[in-house]
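Residue-level structural notes
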Amino acid sequence: MDPVKVFLDESEIPRQWYNILADMPTPMSPPLHPGTGQPIGPDDLAPVFPMNLIEQEVSSERWIDIPEEVLEKYLIWRPTPLCRAVNFERFLDAPVQIYYKNEGVSPPGSHKPNTAIAQAYYNKAFGIKRLSTETGAGQWGSALSMACQMFGLECRVFMVKVSYEQKPYRRIMMMTWGANCIPSPSDKTEAGRKILAEDPECPGSLGIAISEAIEDTVTDENARYSLGSVLNHVLLHQTINGLEAQKQLEKIGVYPDIVVGCTGGGSNFAGLCLPFVRDKINGKDISIVAAEPTSCPSLTRGSFAYDFGDTIMTTPLLPMYTLGHEFVPAPIHAGGLRYHGMAPIMSHLVKEDIIEARAYDQIETFDAGVRWARTEGFISAPETNHAIAAVVQEANRAKEEGKEKVILFNWSGHGLVDLAAYDAFLSGKLTKYDLPDDEIQKSLKSIEGLPKP
Amino acid sequence: MYDHLDIRCPRLGGEVTFAYCQREGGDLPCPRILACWQPYFPVETYLRKKLTQTEWDRCFNRQPKDKVTTLIELIEAAKKRKSLQD
């Protein structure tokens, strides 16, 4: 019987993170300051990040040592197992071997603590007493809460009120780890108070929560802000996962043909894939697939440009996937394309044709996730289901082509606190609403003449 | 008739109703409401009737900003609020 799990001994844990910026085939342009038009410098970010993390943000060193204090905490759950999805392979009945890194074994159940631990450590080392952040449904907030507790930092999490009220479990996790979880908008900041004065019932948004977390940081010299995705140093910390995977695959003499990760802000994907991106840059024949939701197609449908953000040119952009400021959006593309949550490193790698971005419909992803649960047992985080959908697609392709393939993907977290999403899918709430045209017209007619908001 | 419909919000990581998406941006819908909802019902047609052209442009035809630029702007805005308080 072939082994299902490949472990690394604790002594084999990677001791350096990998920095892709050292190996980019073409240089990335720096972000520009919206006021001056000059490249943003360390001092611009100093009010919200400690200088040791800012140094990592701009570093072009290929390898960066992982501090012993961070390794000690990583060892609580790392190295994570590399598993072979034998049952899912049988179900798919395709000529593929499927391996996955199980990042769901961390205490909060996701890959997020890989950077939360590192960020808490560096802030502590810089003399910071408190971290502030925002969170949607709480995956990042819970990881940072745990990390802060481990390094004796106070943690304040502004959680979007609509999630705070609907998602008690991650809020309770944060509180259990000693964090102060505050529904946003709140009366803790001027930004929150202003919004509440205008609309006491405001359900909040990520934009408001970020504003509150930043204000909370800027008004306290002992506090700093922490972000769980997008930034270079966040992606850097995540690479421990891919570096472990490379060692584990080497142990069994396997190298993947395809590496898959799901991508929102990019940290999940980058953690597994960037060490393999390095191999690809150095000549390896490997496909690297970024699976993202169709509902935010930030990679798949944009055009790459270096553009001013508006017609009066006050908001210069990083070179990213953009519409251009004169663009009038086509119906279905517009909302997603406006989402610039993707990490610049990821956008750059797509532009260079090193990563292939694919979008998957949420129903397709839940369908894949349920099939996974019914074969491998684990219930995946809904975001992880995007990667599983991509795996299914690759397996079917291999079957059609009659080619044997080895697929590696990042099982980035479990979905045990996201069961409401599965309930919505299984009860048919997440489905297409095929309404007859006359009913739509009737509905639209009913709002004619009403005052515009 | 659509307000109660559910969808998983890729930004929040949780389920929200269409009613929430319509006010995510305060007086405006979430900029991604079209991409998220169009597969389910003709949300563009619905919102074109509901929003003025100015509101439509403010919501959908404005260029988004990257994260670092947004952070810098938020830092400046927070500093300004603090100095006004002081």
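Residue and element names in this part refer to chain A. On the basis of which strands lie adjacent, the open sheet formed by 7 strands has the order β1-β4-β5-β15-β10-β11-β14 and mixed pairing. The two strands at the open ends of the sheet, each matched to only one other strand, are β1 (5-6) and β14 (356-360). Pairing of strand β5 (residues 96-102) with strand β15 (residues 405-411) involves 7 bridges; the strand directions are parallel. Following the sheet pairing, Tyr-99 is matched in β15 by Leu-408. In this fold helix α13 (residues 267-281) packs onto β5, β10 (258-262), β11 (287-293) and β15, with an angle of close to 155 degrees to the strand it touches most, β10.

Residues and elements named next belong to chain A. If you check the domain split of chain A, you get domain 1 (10-66 + 110-233) and domain 2 (83-107 + 239-420). Across the contact, 27 residues belong to domain 1 and 37 residues belong to domain 2. Counting residues per element, the ones that place at least two in the side of domain 1 that touches domain 2 are β2 (16-18), α5 (113-125) and α8 (168-176). Among the elements that make up the side of domain 1 that touches domain 2, the one with the highest residue count is α5 (3 residues). Across the side of domain 1 that touches domain 2, the residue classes break down as 14 nonpolar, 10 polar and 3 charged.

This part is about helix α3 (residues 43-50) of chain B. What α3(B) keeps buried is the set B:Val43, B:Glu44 and B:Tyr46. Down the axis, α3(B) shows its buried residues gathered within 160 degrees of arc, on one side only.

Residue and element names in this part refer to chain A. You can see Asn-268 is positioned in helix α13. Exposure remark for Asn-268: the 31 C-beta atoms within 10 Å place this residue in the buried category. It is 9.8 Å that separates the C-alpha atoms of Asn-268 and Val-234, two residues lying 34 residues apart in sequence. Dropping the residues within four chain positions of it, Asn-268 is found in contact with His-111, Gly-261, Cys-262, Thr-263, Asn-410 and Ser-412.

Take the packing of helix α10 (residues 206-218) of chain A against helix α5 (residues 67-85) of chain B next. Contact geometry for α10(A) and α5(B): axes closest at 9 Å, N-to-C directions at 60 degrees. On the basis of the axis angle, α10(A) is oblique to α5(B). Like other packed secondary-structure pairs, α10(A) and α5(B) cross with a definite hand, here right-handed. Along its contact with α10(A), which presents A:Ile210, A:Ser211, A:Ile214, A:Glu215 and A:Val218, the element α5(B) presents B:Leu71, B:Leu74, B:Ile75, B:Ala78, B:Lys79, B:Arg81 and B:Lys82. Counted by class, the contact of α10(A) with α5(B) contains 7 nonpolar, 1 polar and 4 charged residues.

Turning next to the pairing of β5(A). All names here are of chain A. Taken across its 7 residues, β5 has 5 buried, putting it largely inside the fold. As defined by bridge partners, strand β4 (residues 82-84) adjoins β5 across 3 bridges and the pair is classed as antiparallel. Across the sheet, the residue bridging to Arg-84 is Tyr-99, located in β5.

Thresholds, definitions, all that
- Residues numbered from 1 in each chain as written.
- Chains lettered and ligands numbered in written order.
- Predicted model: local features only at pLDDT ≥ 70, side-chain atom pairs only at ≥ 80, totals over all residues.
- Pairing = 2+ DSSP bridges.
- Helix = DSSP H or I, 4+ residues; strand = E, 2+ residues; numbered from the N terminus.
- Contact = placed C-beta atoms within 7 Å.
- Axes fitted to C-alpha atoms, helices over the stretch in contact; angles between N-to-C directions.
- Domains from an automatic or database assignment.
- Nonpolar A, V, L, I, M, F, W, Y, C, P; charged D, E, K, R; others polar.
- Buried ≥ 20, exposed ≤ 12 C-beta atoms within 10 Å, placed from the backbone.
- Arc of directions from axis to C-beta.
- Parallel < 35°, antiparallel > 145°, perpendicular 65-115°, else oblique.
- Left-handed = near helix turned anticlockwise from the far one by under 90°.

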